[in-house]
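# Structural overview for review
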Amino acid sequence: MTLLRELLDSLRSFVATVGAVALFFVRVLGQIPRALLRPGLIVEQVYNAGALSLVIIMTCGLFVGMVLGLQGYDLLQRFGSEDALGTGSALALIKELGPVVTALLFAGRAGTALASEIGLMRATDQLAAMEMMAVDPFRRVVAPRFLGGCIAVPLLTMIFISIGIFGVQLIGVQQLGVDAAAFWSQMRASVDVSDVMEGVIKGCVFGVACSLIAVYEGYTATPTAEGVGRATTRTVVISAVLTLLLDYMLTAAML
Amino acid sequence: MRSTRAVELSTGLFVLLGFAALFFLVTQITNRQLSLNDSYEVYAHFENIGSLKPGAAVSIAGVTVGRVESIVFDQQIYKAVVRMRINSRYDKIPVDSDASIMTSGLLGGQYIGITVGGADEYLKDGDQIEFVQDALVLENLINQLVATFSRRGEQTQETEQ
Amino acid sequence: MALAQEPHIALPETAAIIEIRDVHYSVGNRAIFSGLNLSIPRGRITAIMGPSGTGKTTLLRLITGQIKPQRGQILFDGVDVTRLSVRDLYALRRRMGMLFQNGALLTDLDVFENVAFPLREHTKLPEALIRHIVLTKLQAVGLRGAARLMPAELSGGMARRVALARAMATDPDLLIYDEPFTGLDPISMGMIVRLVRQMHNALGITSIVVSHDVEELSQLADVGFIIAGGKVAAQGTFSQLKNAESEIVHQFVNGLADGPVPFHYPAPDYYEQLLA
């Protein structure tokens with residue numbers, strides 16, 4: 001009986017949280033037109049979320065690509081189809097690994113920074129001070145950061161995929177001796193623009209999701225050191241789960 | 001504080017890099033989809049298409065000239081109707097050409113290979129390719145083999161007798 | 001901008017700028033205010049005092065419309081703050097300046113940009129004029145030389161002086177100070193007291209100072225309110241407050257350890273608990 005009640009309670013609080021995030025999202029969207037009037041602020045956030053994540057994205061992309069090269073080669077040579085390495089790994093990178101790993105890295109690198117920054121602004125009364133100066137924090141703080149993330153993630157995804165394919169090529173062609181012509185021509189023959197678009201769409205959706213979670217957690221964080229810490233942890237966990245869940249749904253929808 | 005100029009510069013570099021990556025993926029990794037403007041459509045009826053999928057290549061002599069646009073089952077004739085979009089550059093395919101469903105490699109997908117015929121008339125938009133060869137279905141192949149072997153076995157038995 | 005709004009000068013000096021009528025406010029089951037009545041005179045420095053946890057900061061948040069009471073009216077120049085739309089509230093807030101406990105400077109902007117912030121957000125003034133205004137305000141608080149420092153490089157007192165310059169940037173009619181003396185050394189405290197006086201004398205701004213430093217406030221404020229138990233426990237000039245009959249006011253003003261606010265947090269009987 002108590003178990004049932006607890007279940008119902010947690011279900012209710014879950015639904016309430018979803019509602020709160022949705023309302024928050026609407027509020028952010030409402031401020032976006034006015035935030036766009038100050039492109040300088042958005043550029044700054046694209047810099048924070050994107051340019052500063054570039055090194056980690058490129059490093060990880062390279063290694064993911066190299067691992068794919070090794071594993072893919074090992075698997076394919078059992079069937080004598082090493083030439084399909086380009087196709088297989090390019091599709092894996094474009095459709096799944098690129099968008100998902102980029103989103104996870106973004107949540108860890110930029111999402112936590114966003115959440116703790118906004119949380120600390122709340123804790124040090126900066127948001128209240130803005131409200132007192134008749135400046136809506138949603139327009140000045142939340143919307144530009146959200147937009148910055150939304151712009152950065154798809155671009156980071158594309159960079160990740162390109163570097164990843166370079167990594168596959170590095171191991172597969174340069175090191176393990178897959179025929180370069182076969183590698184590229186098979187890849188070209190079976191990868192479609194629509195596949196790349198799938199990657200772009202996923203990147204955009206994950207960008208919106210992860211940025212929203214980060215700014216929401218930061219904005220609603222309990223204004224204490226502990227509360228901000230918890231908000232950053234939640235940002236990573238929720239972003240990761242949400243990314244994988246959305247990935248499944250998007251894949252099912254687009255296949 | 002980092003100067004605004006430096007922020008703008010590195011943000012610009014980042015955005016350009018992102019778009020360069022997208023451009024690279026679209027132009028270098030993919031086989032650019034034929035634009036609808038400069039292509040024409042033909043169709044063919046197959047008894048069995050195997051595992052042919054929309055988007056599969058249509059090739060002549062190994063060169064990709066088009067893609068499979070759609071595959072539907074026609075209940076009137078109980079056959080699969082495969083519509084193909086072919087680049088207008090290749091507008092001299094004789095009407096009596098032969099479309100067959102082939103498999104590329106052991107793991108490769110299936111595609112349509114066109115064997116050029118000898119007529120003077122060429123395929124144009126909306127035409128049907130009359131001569132087709134269905135996909136090789138492994139089970140049928142094996143059945144045929146088994147049948148052949150058992151028949152041969154009977155024959156040898158007969159001769160022994 | 002407030003510069004353009006002059007009608008309040010024509011009003012009699014004694015008219016109240018803020019009227020709080022029968023305000024009820026509670027968080028969860030805990031009632032913070034139950035029937036609070038208070039009026040803050042225009043053009044004066046008003047002190048709001050009270051023991052910790054009596055909701056002084058909550059009162060400021062009510063006045064500025066950051067939170068809304070369950071019942072009652074809060075009139076700012078005759079306008080009910082509790083009924084305003086967000087847009088009107090923001091318009092009203094441009095006439096108020098607030099100094100937060102720790103300054104609440106925006107940490108990603110330097111001192112100059114912090115003071116320029118409200119100007120950049122609300123006006124389209126040319127850069128030269130903004131520079132002029134900002135430097136004037138910084139000069140007034142004695143920190144023109146610190147214009148290019150980041151907030152992290154400032155001491156507590158300096159941060160509060162910058163925040164004061166920022167609150168002054170748009171020339172508000174009302175300045176609210178939330179615990180301006182907390183955690184300052186005597187020198188910084190003296191500076192803040194002097195600045196609050198100067199702002200008031202030079203510009204005729206109405207000021208509300210929330211604090212529990214009775215000594216500093218008695219030098220500074222014209223009138224004072226002591227809030228306890230969700231209501232105004234005493235009000236008047238400081239000599240009136242010192243002679244107030246109320247026990248809690250007596251305890252508060254004289255800083256007594258025991259009284260209506262007990263020294264001991266409620267606990268079971270001492271001997272019983274020890275022997276148990």
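What you are looking at is a predicted structure, and each value in this text was computed from that prediction instead of being measured.

### Points about the overall build of chain B
Each helix and strand counted, chain B has 2 helices and 8 strands in total. Starting at the N terminus and walking to the C terminus, you meet the elements of chain B as α-β-β-β-β-β-β-β-β-α. A buried classification covers 22% of the 161 residues belonging to chain B. Partitioning the intrachain contacts of chain B with sequence separation of at least 6 by distance along the chain shows that 64% fall at a separation of at least 24.

### Some thoughts on the overall build of chain C
Across its full length, chain C carries 11 helices and 10 strands. Taking the principal axes of the C-alpha coordinates as reference, chain C spans close to 75 × 40 × 35 Å. A burial count over chain C gives 38% of its 276 residues as buried. Taking contacts inside chain C between residues at least 6 apart in sequence as the whole, the part at least 24 apart equals 65%.

### As for the interface of chain A and chain B
With 29 residues of chain A at the interface, the matching set in chain B holds 25 residues. Counting residues per element, the ones that place at least two in the side of chain A that touches chain B are α2 (39–49), α4 (85–123), α6 (137–175), α7 (180–190) and α8 (193–219) of chain A.

### Side note on the environment of Phe112(C)
Residues and elements named next belong to chain C. With respect to the helices, strands and loops of the structure, Phe112 is situated in helix α4 (residues 111–122). When the C-alpha atoms of Phe112 and Ala140 are compared, they prove to be 13 Å apart, with 28 residues separating the residues in sequence. Excluding its chain neighbours within four sequence positions, the residues that come into contact with Phe112 are Val134, Ala147 and Arg148.

### Some words on the confidence of the model for chain C
Residues and elements named next belong to chain C. Summarising the model, chain C shows a mean pLDDT of 83, and 95% of its residues fall at 70 or more. Averaged pLDDT values for the elements of chain C fall to 42 in helix α1 (residues 7–10) and rise to 91 in helix α5 (residues 127–140). The low-confidence segment residues 1–13 (pLDDT under 50) makes 15 contacts with residues lying over four places distant or belonging to another chain. This prediction of the complex comes with two scores: 0.76 for pTM and 0.80 for ipTM.

### Focus on the sheet that holds strand β1 (residues 16–27) of chain C
All names here are of chain C. Strand order in the open sheet made by the 4 strands is β2-β1-β4-β5, with antiparallel pairing throughout. Each having just a single partner strand, β2 (30–41) and β5 (79–80) make up the two edges of the open sheet. By the bridge criterion, 5 bridges tie β1 to strand β4 (residues 71–76) in an arrangement that is antiparallel. Across the sheet, residue Glu19 finds its bridge partner in β4, namely Leu75. Sitting on the sheet, helix α2 (residues 56–63) is in contact with β1, β2 and β4, with an inclination near 120° to β1.

### Observations regarding unusual backbone geometry
Among all residues except glycine, the phi angle is most often negative; among peptide bonds, the trans geometry is most common. Positive phi outside glycine occurs at Ala104(C), with the angle close to 50°. If you trace the backbone, Ala104(C) turns up in the loop between β6 (96–99) and α4.

### Remarks on the packing of α4(A) against α8(A)
Residues and elements named next belong to chain A. Following both chains from N to C, one finds α4 and α8 inclined at 20°, their axes separated by 8 Å at the closest point. Here α8 runs roughly parallel to α4, going by the angle between their axes. Where α4 crosses over α8, the handedness of that crossing is right-handed. Residues of the contact of α4 with α8, tallied by class, amount to 16 nonpolar, 8 polar and 7 charged.

### Comments concerning the sheet that holds strand β4 (residues 79–87) of chain B
All names here are of chain B. Read from one edge to the other, the open sheet built from 8 strands follows the order β7-β1-β4-β3-β2-β6-β5-β8, with strand pairing classed as mixed. Each end of this open sheet is capped by a strand with a single partner; those strands are β7 (128–129) and β8 (131–133). For strand β5 (residues 98–103) and strand β6 (residues 110–115), the ladder comprises 6 bridges, and the chain directions are antiparallel. Following the sheet pairing, Ala99 is matched in β6 by Ile114.

### Things to note about the pairing of β5(B)
As a general feature of sheets, a regular strand has side chains that alternate between the two faces. Here β5(B) runs beside β8(B); their pairing, made up of 3 bridges, is parallel. Following the sheet pairing, Ser100(B) is matched in β8(B) by Gln133(B).

### Side note on the packing of α4(A) against α6(A)
The description of two helices packed together rests on the angle between their axes and the distance between the axes. Residues and elements named next belong to chain A. In the contact formed by α4 and α6, the axes pass within 7 Å of each other and the chain directions differ by 145°. As for how α4 packs across α6, the hand of that crossing is right-handed. Across the contact of α4 with α6, the residue classes tally to 20 nonpolar, 7 polar and 1 charged.

### Some points on the domain arrangement of chain B
What the domain assignment lists for chain B is domain 1 (1–30) and domain 2 (36–142). Relative placement of domain 1 of chain B and domain 2 of chain B: their C-alpha centres are 42 Å apart.

### Topic: the nonpolar core
The tendency in soluble globular proteins is for nonpolar side chains to be buried side by side. Judged by nonpolar contacts, the single largest core of 157 residues is most densely connected at Val115(C), Val162(C), Val209(C) and Ile226(C). Per element, the largest residue contribution to this core is 21 residues, and it comes from α6(A). Residues within four places of Val209(C) in sequence aside, it is in contact with Ile45(C), Ala47(C), Tyr177(C), Pro180(C), Val196(C), Leu217(C), Leu220(C) and Ala221(C). In this structure, Val42(B), Phe46(B), Val65(B) and Leu123(B) belong to the second largest nonpolar core, which totals 23 residues.

### Side note on the pairing of β6(C)
Residue and element names in this part refer to chain C. Residues Met96 and Met98 of β6 are buried on one face, and the alternating residues Gly97 and Leu99, pointing to the opposite face, are buried as well. Here 4 bridges tie β6 to strand β7 (residues 174–178), and the two strands are oriented parallel to one another. The residue bridging Met98 from the neighbouring strand is Ile176, located in β7.

### Comments concerning α6(A)
Residue and element names in this part refer to chain A. Taking 1.5 Å per residue as the helical rise, α6 with its 39 residues ought to reach 57 Å, and the 53 Å between its terminal C-alpha atoms agrees with that figure. Ala143 marks the point of greatest bend in α6, at about 35°, and the proline Pro144 comes within the next four residues. Counting buried positions along α6 yields 34 of 39 residues, so the element is predominantly enclosed. Positioned one or two residues after α6, Gly177 has a phi angle of 80°, which is positive.

### Let's talk about the confidence of the model for chain B
Confidence in the prediction for chain B averages 82 pLDDT; 89% of positions are at 70 or higher. Least confident of the elements in chain B is helix α2 (residues 138–160) of chain B, whose mean pLDDT is 77; most confident is β4(B), at 90.

### A few points about the environment of Thr170(C)
Here Thr170(C) is to be found in the loop between α6 (156–168) and β7. With 20 residues separating them in the primary sequence, Thr170(C) and Met150(C) have C-alpha atoms 22 Å apart.

### Points about α2(A)
Of all 11 residues in α2(A), 8 are buried, a share of seventy percent or more. All of the buried residues along α2(A) are Ile42(A), Val43(A), Glu44(A), Gln45(A), Val46(A), Tyr47(A), Asn48(A) and Ala49(A). If you follow the buried residues of α2(A), they end up packed against α1 (2–35), α4 and α6 of chain A together with α1 (4–29) of chain B.

Analysis parameters
- Residues numbered from 1 in each chain as written.
- Chains lettered and ligands numbered in written order.
- Predicted model: local features only at pLDDT ≥ 70, side-chain atom pairs only at ≥ 80, totals over all residues.
- Helix = DSSP H or I, 4+ residues; strand = E, 2+ residues; numbered from the N terminus.
- Buried ≥ 20, exposed ≤ 12 C-beta atoms within 10 Å, placed from the backbone.
- Contact = placed C-beta atoms within 7 Å.
- pLDDT = per-residue confidence, 0-100.
- Pairing = 2+ DSSP bridges.
- Axes fitted to C-alpha atoms, helices over the stretch in contact; angles between N-to-C directions.
- Parallel < 35°, antiparallel > 145°, perpendicular 65-115°, else oblique.
- Left-handed = near helix turned anticlockwise from the far one by under 90°.
- Nonpolar A, V, L, I, M, F, W, Y, C, P; charged D, E, K, R; others polar.
- Domains from an automatic or database assignment.
- Core = buried A, V, L, I, M, F, W, Y, C linked by C-beta atoms within 7 Å.
- Expected span 1.5 Å × (residues − 1).
- Bend = angle between axes of the 7 residues up to and from the residue.

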